[in-house]
Amino acid sequence: MSDHHNPDAEPKKKINWFIILIVLFLLTFGLNLINMRQGSSASFQISYDQFLDLVEAGVVDQVYMNDDQIRIALREDADLNKVSSILSPASGSNASGSNASIREITLPRTVILYTGRVDDPQLVSALRSGKVRIYEEIPEQTSIFSVIASWLVPMAVMYLLYFFIFRMLMKRAGGGEGGGFLGGISGIGKSKAKVYNVEKNTGITFRDVAGQDEAKESLEEMVDYLKNPKKYQNIGARQPKGALLVGPPGTGKTLLAKAVAGEAGVPFYHLTGSEFVEMFVGVGASRVRDLFQTAKKNTPCIIFIDEIDAIGKKRDVQMATNDEREQTLNQLLAEMDGFETNGGIIVLAATNRPEVLDQALLRPGRFDRRIIVEKPDLSGRESILAVHSKKVTLAPDVDLHEIALSTSGASGADLANIVNEGALRAVRMNRTAVSQADLMESVETVFAGKEKKDRVLSAKERQLVAYHEVGHALVSALQKNAQPVQKITIVPRTMGSLGYTMSVPEEERYLLTKEELMAQITMLLGGRAAEIVRFGAETTGAANDIERATDLARKMVTQYGMSDQFGSMGLASTQSQYLDGRNISTCSEATNAQADEAVRQILSRCQRDAEELLRSHSDSLDAIANTLLEKENISGKEFMELLKAS
Ligand code: ADP
Ligand code: MG
Ligand code: ZN
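Engineer: Can you break down the overall build of the protein residue by residue, with the values?
Structural biologist: Of the regular secondary structure elements, the protein holds 24 helices and 16 strands. Across the 646 residues in the protein, those meeting the buried criterion constitute 43%. Within the protein, contacts between residues separated by at least 24 positions form 74% of all contacts whose residues are at least 6 apart in sequence. Entry remark: accessible area of the protein is about 34500 Å², with carbon and sulfur atoms responsible for 54%.

Engineer: Give me the pattern of salt bridges: which residues, what numbers.
Structural biologist: Here the structure, examined in full by the defined rule, presents 16 salt bridges. A salt bridge links R431 to D438, with the shortest nitrogen-to-oxygen separation between them at 2.6 Å. A residue is classified by how much of its surface remains accessible, and R431, at 33% relative accessible area, is partly exposed. In this structure, E531 and R528 form a salt bridge, with 4.0 Å as the shortest nitrogen-oxygen distance. Note that E531 and R528 are positioned in helix α20 (residues 514-535) at a spacing of three residues, about one turn of the helix. Judged by its relative accessible area of 15%, R528 falls in the buried class. A network of salt bridges, in which partner residues are shared, links R425, R431 and D438.

Engineer: Kindly report on the sheet that holds strand β2 (residues 60-65), identifying the contributing residues and their values.
Structural biologist: If you walk across this open sheet you meet the five strands as β1-β4-β3-β2-β5, and the pairing is mixed. Sheet topology places β1 (43-45) and β5 (133-136) at the edges, where each strand pairs with a single neighbour. The sheet shows a mean angle of 25° between the axes of neighbouring strands, direction not considered. Bridging between β2 and β5 involves four bridges; their strand directions are parallel. Across the sheet, the residue bridging to Y64 is Y135, located in β5. Set on the sheet, helix α2 (residues 48-57) makes contact with β2, β3 (69-74) and β4 (112-116); between it and β4 the angle comes to about 125°.

Engineer: Explain the site of ligand 1 to me, using residue names and the numbers behind them.
Structural biologist: As a matter of local geometry, ligand 1 sits amid 16 residues, with A210, G250, K253, T254 and H388 nearest to it. The backbone of T251 places a nitrogen or oxygen atom 3.3 Å from an oxygen atom of ligand 1. Residue T254 places a side-chain N or O atom 2.6 Å away from an oxygen atom belonging to ligand 1. Surface burial for ligand 1 is 78%, taken as the share of its 560 Å² of free accessible area covered by protein chains. Lining the shell around ligand 1 are residues from two domains, each supplying at least three of them: domain 2 (194-372) and domain 3 (378-448).

Engineer: Could you give an account of the coordination of the zinc ion (ligand 3), with specific residues and numbers?
Structural biologist: Tetrahedral coordination by four donors places them ideally at 109.5 degrees to one another around the metal; octahedral coordination by six donors ideally gives 90 or 180 degrees. The zinc ion (ligand 3) binds to the protein through H468 (NE2), H472 (NE2), D545 (OD) and D545 (OD), with metal-donor distances spanning 2.0 to 2.7 Å. Coordination at the zinc ion (ligand 3) is irregular: its four donor atoms span angles of 52 to 143° at the metal. The sequence pattern describing where the donors of the zinc ion (ligand 3) fall on their chain is H-x3-H-x72-D. On the criterion of sequence distance, the pair formed by H472 in helix α19 (residues 459-478) and D545 in helix α21 (residues 543-558) is long-range, its members being 73 residues apart. Residues H472 and D545 agree in their burial class; the two are buried.

Cut-off values and rules
Residues numbered from 1 in each chain as written. Chains lettered and ligands numbered in written order. Predicted model: local features only at pLDDT ≥ 70, side-chain atom pairs only at ≥ 80, totals over all residues. Heavy atoms only, no water. Helix = DSSP H or I, 4+ residues; strand = E, 2+ residues; numbered from the N terminus. Buried < 20%, exposed > 50% of the residue type's maximum accessible area, 1.4 Å probe, protein only. Contact = heavy atoms within 4.5 Å. Areas by Shrake-Rupley, 256 points an atom, 1.4 Å probe, with all protein chains shown as cover. Salt bridge = Lys/Arg side-chain N within 4 Å of Asp/Glu carboxyl O. Pairing = 2+ DSSP bridges. Axes fitted to C-alpha atoms, helices over the stretch in contact; angles between N-to-C directions. Near = heavy atom within 4 Å. Polar contact = N/O pair within 3.5 Å; in protein donor to acceptor, adjacent residues only side chain to side chain. Domains from an automatic or database assignment. Donors = N, O, S within 2.8 Å, 3.2 Å for Na, K, Ca; no water. Tetrahedral: all angles 85-135°; square planar, octahedral: opposite > 155°, others 65-115°.

Shown next, in the form of structure tokens:
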């Protein structure tokens, strides 16, 4: 559906330019060659007194003088032996060589002898008495022409070369004209390239998008507008021109945009912001212009700009400004201002980094509506699983609610992936339906990498891993604020973890108290604590736990205002809320050092708590770890029974 410039229209023109260039090169080169030839015809320098001797001897017919030198023409009847004898003594030092050359040069009368011009007042009278004709050369006449030629030709060549390369780059970039002077010229050969994707009918409706009820509600209005523009025009209501879909990757932003087009039954024009980044100057802007022009002819329709942050970044944040991006953004802004509100076009854009967007994009009349597309909650996950498992055959034992429970934090794309992985597993095992075990297995595959049967742990390693995992689970269960355990396993996974404890919140939590955060950190450090309590050893297996615990503790200090030292003072600000959540510090070096100390205190307190908890329940720890070693997997229910029993 996206076809780039048609390849057979342009090459002929290119060849023409190429031929002109080659001819120009040959011409200048050839002229130079001819000049060199002339310059190298036989000429021979003599000394000034030899010249005077020649004049005195009466063999000189004419002299041509310019500022630098005197060229001498001999008489036709001049005695060549006499000439030789005058010229030879001066070059007596290297006798044979110079004699030879003189014999050579004195033979033809056309030979040019020349000498340097000396300031000699007697020269003219000497020449007159020798009956020599004198010509003073007038050099000026030719110079204007030659100067023009020597400047203009290379300039023309350079210009054509530049122009030619520029055109070639423009063609490579997918056609269209650039801005300004050169753009105007290259516009002569503008290709009729289509530079965006268009789907006449996306075939996707809101039913394909599970959950996201709030987002769908906001978009419903746009669908209605596209279907019945008259209704709005008659009453004089002004419709929003555009909406920005904001949310983490894989949450269904693209899907929602397509669903709007599908619901309204209008064409879907689709551009991706990142496609502009590597483009040449002017191409991005011309793509945007082309897109809007075509869309205006095909109303009603949807224009969708995915990853708009790639072009819509704040214009001042980067040190080196990207002219191309800026031009594209400006063109987009101009187009958005340009079309009529009631023109039947709705512009949707998607981003997972709303905080980097240029404010100009968010002004009224542009993307003034924000539609938040968050990661799904428990019921959202269940309905997304339901939508995707409609396409596969499910065994009767499948309980999507349980899958939804164990996939907290998964995006829509993750869940679609889980269903597909489950189906693949069923096929691999020659079954005709997807079972609950398949789905549970693929939850783990998607979250923790594929199960790795061939990885063999030594008995000692298995023991360490088992205690580590039970440590997490036990600490979690023993703290009343912590999340209950769903599953513990010591089957190694490819993604690096040797086992893991899956904990699932009883309900979705958006607000956490300080105590709950401390309990989470304690739980994360429970693995390491169990290793210490039981074996007095510290292993590398805790690296990921430590990273996550430290991250949480740092957030408590710098962002949540939960440390004793700083109270409600914010020490960092979030840069990219939806992508990686990376923070930048907003305080001084000294304060940073204090913050590190506060983080360390939180961590060591949690570590101590975890160790104490496990020491006071070491019987349970041993009992559960031994069961885990035996069975490799234990469920949350089994775990609780073991805990109660011991
Ligand atoms: P985004 O554009 O937000 O990164 P996409 O719209 O490309 O995410 O979603 C990727 C895939 O994930 C979709 O093609 C769809 O299969 C699945 N998906 C995501 N969210 C949902 C949802 N709410 N309902 C159904 N499927 C979803
Ligand atoms: Mg997308
Ligand atoms: Zn761990």
